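# Overview (structure and organization)
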Amino acid sequence: MDNTEAAWLACAIDGEGTLSILDDRGVVSVRLSVYNTSEEFIRRAEKLMEAHVYRTEPGTASPLSRRPIFSAQIGAHEKVLTILHQILPFLIIKRKKALEAIRRIETHDWAEAKAKAAAKRWADPEQHVRAANYLRRRWKDPSQRANFIEAIKKNWRTPEVRSRMIGNRHRRTQNAR
């Protein structure tokens, strides 16, 4: 990314973007996003950030919205760190938060965080057994199974949900075949 592109992206993030730093009991998550109603604007941010693009339908984010809202988002820490280093000289509004995000990413022990998260998932082996038994009982009951399948069909892979993630390269290549 050259200086002109870095300055454009910094301006887009300062004006139309968010830099989120979440700390969930020692597991740090950083996300960089740009939002706009112009798909062309977001496609340019997508190209510069190597991001995924999402589309939110009118009335979903706010009952007052009349146009779809597009967003380019990345959460991979290596990518976020690279982009922040490139745009830092041009950031004004979010400069302090970018410095904090860089510090958090560079000083966080990612291996330990992954191990903690994996250990938390099923800290109690009985918890895993209880969860599996609960799901088996629900699946055996035909009415609950039908409700479960209907909910999946309705909410999980509907065309509306698929269309929100218009920048997902994997789906784009599958649809092109």
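Our subject is the structure that appears above.
Keep in mind it's a predicted model, so treat the numbers as computed, not measured. (Residues numbered from 1 in each chain as written. Predicted model: local features only at pLDDT ≥ 70, side-chain atom pairs only at ≥ 80, totals over all residues. Heavy atoms only, no water.)

### Things to note about the overall build of the chain
Stated formally: Put simply, DSSP H or I for four residues or longer makes a helix, DSSP E for two residues or longer makes a strand, and each gets a number counted from the N terminus. Between buried and exposed lies partly exposed: a residue is buried under 20% and exposed over 50% of the maximum accessible area for its type, with that area taken using a 1.4 Å probe on protein chains only. In what follows, a contact means two residues having at least one pair of non-hydrogen atoms within 4.5 Å. Reported accessibility uses the Shrake-Rupley method at a 1.4 Å probe radius. Residues are deemed covered only where the shown protein chains occlude them.
Per the secondary structure count, the chain includes 9 helices and 4 strands. Going from N to C terminus, the chain has its helices and strands arranged as α-β-β-α-β-β-α-α-α-α-α-α-α. Looking at the chain residue by residue over its 177 residues, the buried ones come to 27%. Restricting the contact set of the chain to residue pairs at least 6 apart, pairs at least 24 apart contribute 58%. Accessible area of the chain: about 12100 Å², with a carbon and sulfur share of 54%.

### What to know about the nonpolar core
Quick reminder of the rule: Here, nonpolar core means buried Ala, Val, Leu, Ile, Met, Phe, Trp, Tyr and Cys residues that are tied together by side-chain atoms lying within 4.5 Å of each other.
Counting 30 residues, the largest nonpolar core has L9, L32, M49, L84 and I87 as its most contacted members. Taken together, the elements giving at least two residues each to this core come down to α1 (3-16), β2 (27-36), α2 (39-49), β4 (69-74), α3 (77-87) and α4 (95-107). Among residues more than four places away in sequence, those in contact with L84 are L19, A98, A101 and I102.

### Digging into the pattern of salt bridges
Between side chains of opposite charge, a pair can form when the charged atoms approach closely. Inclusion rule: We count a salt bridge whenever a side-chain nitrogen from Lys or Arg sits within 4 Å of a carboxyl oxygen from Asp or Glu.
Evaluated as defined, the whole model comprises 5 salt bridges. Between E39 and R43 there is a salt bridge, with its nearest N and O atoms 3.4 Å apart. In this pair, E39 and R43 both sit in helix α2, 4 residues apart, roughly one turn of the helix. The exposure class assigned to E39 is partly exposed, which follows from its relative accessible area of 34%. A salt bridge links R103 to E100; the shortest N-O distance between them is 2.9 Å. Of this pair, R103 and E100 both sit in helix α4, separated by 3 residues, roughly a single helical turn. Taking the relative accessible area as the measure of exposure, R103 reaches 42% and is therefore partly exposed. Here the salt bridges do not stand alone but share partners, grouping E39, R43 and E46 into one network.

### Considerations on the side chain of H77
Counted only if it meets this: Side-chain atoms alone can form a polar contact between residues adjacent in sequence; in general such a contact is a pair of N or O atoms within 3.5 Å, and within protein one must be able to donate a hydrogen while the other accepts it.
Structurally, H77 is set in helix α3. Judged by relative accessible area, which is 18%, H77 ranks as buried. A polar atom in the side chain of H77 sits 3.4 Å from the backbone nitrogen of V30.

### Thoughts on a nonpolar patch on the surface
Condition: Any residue with relative accessible area above 30% and no salt bridge may belong to a patch, with like charges joined within 9 Å and the nonpolar Val, Leu, Ile, Met, Phe, Trp and Tyr side chains within 5 Å.
Together, W139, F148 and I149 make up a nonpolar patch on the protein surface, roughly 260 Å² of accessible area in all. Its place among the elements puts W139 in helix α6 (residues 125-140).

### Some words on the packing of aromatic side chains
Just so we agree on the cut-off: Any two rings among Phe, Tyr and Trp, with Trp reduced to its six-membered ring, count as a pair given centres within 6.5 Å; such a pair is stacked if its planes are under 30 degrees apart, edge-to-face if over 60, and tilted if neither. A ring is considered to have a charge above it if a Lys NZ or an Arg CZ atom is located within 6 Å of its centre and within 35 degrees of its normal.
Overall, the coordinates contain 1 aromatic pair when judged by the stated rule. Look at W8 and F41: their rings are 5.1 Å apart centre to centre, the planes differ by 50°, and that puts the pair in the tilted class. Taken together, the residues span a long stretch of sequence, with W8 in helix α1 and F41 in helix α2 at a distance of 33 residues. Across from the ring centre of W8, 4.5 Å away, lies the NZ or CZ of R44, which sits over that ring.

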